[in-house]
Amino acid sequence: MNIKVRTAVIGAGASGLAAAITAGEKKSGKTIIIEKQDRAGRKLLATGNGRCNISNLHISRDNYHGDRAIIDRVLSNYPYERAERMCNSLGFLLRSDSEGRVYPMSNRSDTVLDCMLRKLRSLSVDIMYGEEIRFLGKPDDKFCIVLKNDTVYADNIIMAAGSYAAPHLGSDKSAVKLMYDSFGFKYNTMYPALCPVICREKYASLKGVRAKGSVSLIADDNIIKTESGEIQFNDTGLSGICIFNLSGYVNEFLLCGTADGNNCKKIKISVDLMPDRHERDIIGFLRKCRRIFSGEDNTLLLSGLFDKKLSAVLMKCISAGSVTCEKLSEDDLRKAAHIIKNFEFTPSRISDVRNAQTAAGGYGSSIVEPATLMCRKVRNLFICGELLDVYGDCGGYNLHFAFGSGIMAAENIK
Ligand SMILES: Cc1cc2nc3c(=O)[nH]c(=O)nc-3n(C[C@H](O)[C@H](O)[C@H](O)COP(=O)(O)OP(=O)(O)OC[C@H]3O[C@@H](n4cnc5c(N)ncnc54)[C@H](O)[C@@H]3O)c2cc1C
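Definitions and limits used
Residues numbered from 1 in each chain as written. Predicted model: local features only at pLDDT ≥ 70, side-chain atom pairs only at ≥ 80, totals over all residues. Heavy atoms only, no water. Pairing = 2+ DSSP bridges. Helix = DSSP H or I, 4+ residues; strand = E, 2+ residues; numbered from the N terminus. Axes fitted to C-alpha atoms, helices over the stretch in contact; angles between N-to-C directions. Contact = heavy atoms within 4.5 Å. Parallel < 35°, antiparallel > 145°, perpendicular 65-115°, else oblique. Left-handed = near helix turned anticlockwise from the far one by under 90°. Nonpolar A, V, L, I, M, F, W, Y, C, P; charged D, E, K, R; others polar. Near = heavy atom within 4 Å. Polar contact = N/O pair within 3.5 Å; in protein donor to acceptor, adjacent residues only side chain to side chain. Areas by Shrake-Rupley, 256 points an atom, 1.4 Å probe, with all protein chains shown as cover. Core = buried A, V, L, I, M, F, W, Y, C linked by side-chain atoms within 4.5 Å. Buried < 20%, exposed > 50% of the residue type's maximum accessible area, 1.4 Å probe, protein only. Arc of directions from axis to C-beta.

All right, on to the sheet that holds strand β18 (residues 267-272) then. Strand order in the open sheet made by the seven strands is β19-β18-β13-β14-β15-β12-β20, with antiparallel pairing throughout. The open sheet has two edge strands, β19 (343-345) and β20 (347-349), and neither has a second partner. Neighbouring strand axes in the sheet, compared pairwise and without regard to direction, differ in orientation by 45° on average. Running at roughly 125° to strand β14 (residues 222-234), helix α7 (residues 241-256) makes contact with β12 (197-199), β13 (210-219), β14, β15 (237-239), β18 and β20 of the sheet. Its contacts with the sheet place helix α10 (residues 330-341) against β18 and β19, and it is angled at close to 110° to β18.

The N-to-C vectors of helix α8 (residues 279-292) and α10 enclose an angle of 125°; their axes lie 9 Å apart at closest approach. As far as their axial angle goes, α10 and α8 are oblique. As for the relative orientation of α8 and α10, their crossing is right-handed in sense. Facing E279, I282, I283, L286, R287 and R290 of α8, the residues of α10 in contact are E330, L333, R334, A336, A337, H338, I340 and K341. Partitioning the contact of α8 with α10 into residue classes produces seven nonpolar, one polar and six charged.

Around the ligand there are 29 residues in total, and S15, E35, Q37, E386 and L399 lie nearest to it. Interatomic distance of 3.5 Å between a backbone N/O atom of G396 and an oxygen atom of the ligand. In the model, an oxygen atom of the ligand is placed 3.2 Å from a nitrogen or oxygen of the N398 main chain. Notes on the ligand: free accessible area 1,000 Å², of which the protein chains cover 93%. Among the elements of the structure, α1 (14-25), α2 (42-46) and α11 (397-411) are those that each provide at least two residues to the shell around the ligand.

Now for the nonpolar core. Within the largest apolar cluster, 92 residues are counted, with the highest numbers of intra-cluster contacts made by L44, I145, L381, I383 and F403. In this structure, V209, L301, A320 and I339 belong to the second largest nonpolar core, which totals 48 residues.

It is worth spelling out the packing of helix α3 (residues 68-77) against α11 at this point. Remark: α3 packs on α11, axes separated minimally by 9 Å, with the N-to-C direction vectors making an angle of 85°. Classified by the angle between their axes, α3 and α11 sit roughly perpendicular to one another. Where α3 abuts α11, its residues I70, R73, V74, L75 and N77 lie against H400, F401, G404, S405, M408 and E411. Looking at the contact of α3 with α11, its residues break down into five nonpolar, four polar and two charged.

A word on helix α6 (residues 174-183). A175, V176, L178, M179 and F183 are the residues of α6 that are buried. Around the axis of α6, the buried residues are gathered within 155° of arc, so they sit on the same side. Opposite its buried face, α6 presents the exposed residues K177 and D181, each directed more than 90 degrees away. Turning to α6, the residues buried within the fold contact β8 (135-137), β9 (143-146), β10 (151-159), β11 (188-193) and β22 (381-383).

Let us look at the pairing of β10. Where burial is concerned, most of β10 is hidden: eight out of the nine residues are buried. In this structure, strand β1 (residues 2-10) lies alongside β10, joined through eight bridges in parallel fashion. Within β10, the residue paired with V9 across the bridge is I158. Across four bridges, the pairing between β9 and β10 is antiparallel. Residue I145 lies in a different strand from β10, and its bridge partner there is V152. Here β9 folds back onto β10 in antiparallel fashion, the turn holding four residues. Looking at chain direction, β10 and β22 are connected through three bridges and run parallel. Each bridged residue has a counterpart across the sheet, and for I157 the counterpart in β22 is L381.

Quick look at the structure:
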């Protein structure tokens, strides 16, 4: 069957749903969504552990990485206040936590998806599920999308097919292959971001141990980024939100040899387990511990500060031998204080994309115009969401960008 529409949105994820609602609201012609999976918003449902961290009270360009021109245009068109208005107009309220992370008041991601799908039905936007695109082209002034049984002709296409992160939720690279085959578009190297970091140092006993502190990504001798929060140790390396926020830089280095765009020779992650205390003060306290734990195995020296397993690993790292606490030397205490402030890890392997919440890389402003998200070489073809060369930190920044870029693309359709 031949289907003629004004706008075809490819992908029924966060950005595609927002784009289709905006296109539908224009009432300038039929909008459809073409989705390869058998349902909409699978990734959206998984966000925030099912609670959907949809935005952040403190949206800022500093929380985003990638194509600056695109980041700036999307954020200025879609500030937090607009996100809140959009959610309210869809029928749900928001609430925020002490760190500014914003969730639907119901604390449920299905609230967000259900409200968006209801809105789409009210706008008569249809979703074609389970559709594989066999051909995409623009032979004349209309786009032609060949599906298994149907051919769709559209004046506008909005590509909202996401990145390849979290493939168990249906993500893959089919859209970038399609864009290359159809229009010859190349994308900036993609790599996993917001994910655990695999390290050379492996401490099996630390699996499952958590500690509060700060973590810094150091490239050569320069601190690229410092984050605070809960560090989760596991048998392959480090995890936790603060580590997720460094992981993009790590994978960039392992894949491209750069950190934040600058060449560098080596990187490390330095964990500061007592960011609020100076090394000198820690040594003073350890002198007291040396007395308090007198006669005990030295692996207990730090057990009043950290989990026992972490205390034991730190003491092993300083190679104090098997002496009891009171026999520890001043040098041992200095080394212990130093490692508490600088527990170093060397990233060794690119993180598994299956554990990534997003991907860095994608289409940048050499392919799309930042002000409209329309492709420079193919008019009325738009790209939004994670397909763009933009990703945000943990904290609602990615969904905010997905919605904002979907809305912006659809505002510029003809
Ligand atoms: C576990 C997890 C938790 C997360 N939690 C948060 C969070 O709390 N807050 C936050 O801000 N971000 C979070 N993110 C990131 C956020 O989910 C994504 O950034 C966002 O969903 C991207 O939206 P998108 O529309 O670009 O892509 P997606 O949501 O991935 O949607 C793309 C859609 O396109 C479809 N598609 C792909 N290729 C084709 C094709 N060739 N033809 C047709 N359809 C296609 C896909 O099936 C999919 O439905 C999380 C991610 C994960 C994996």
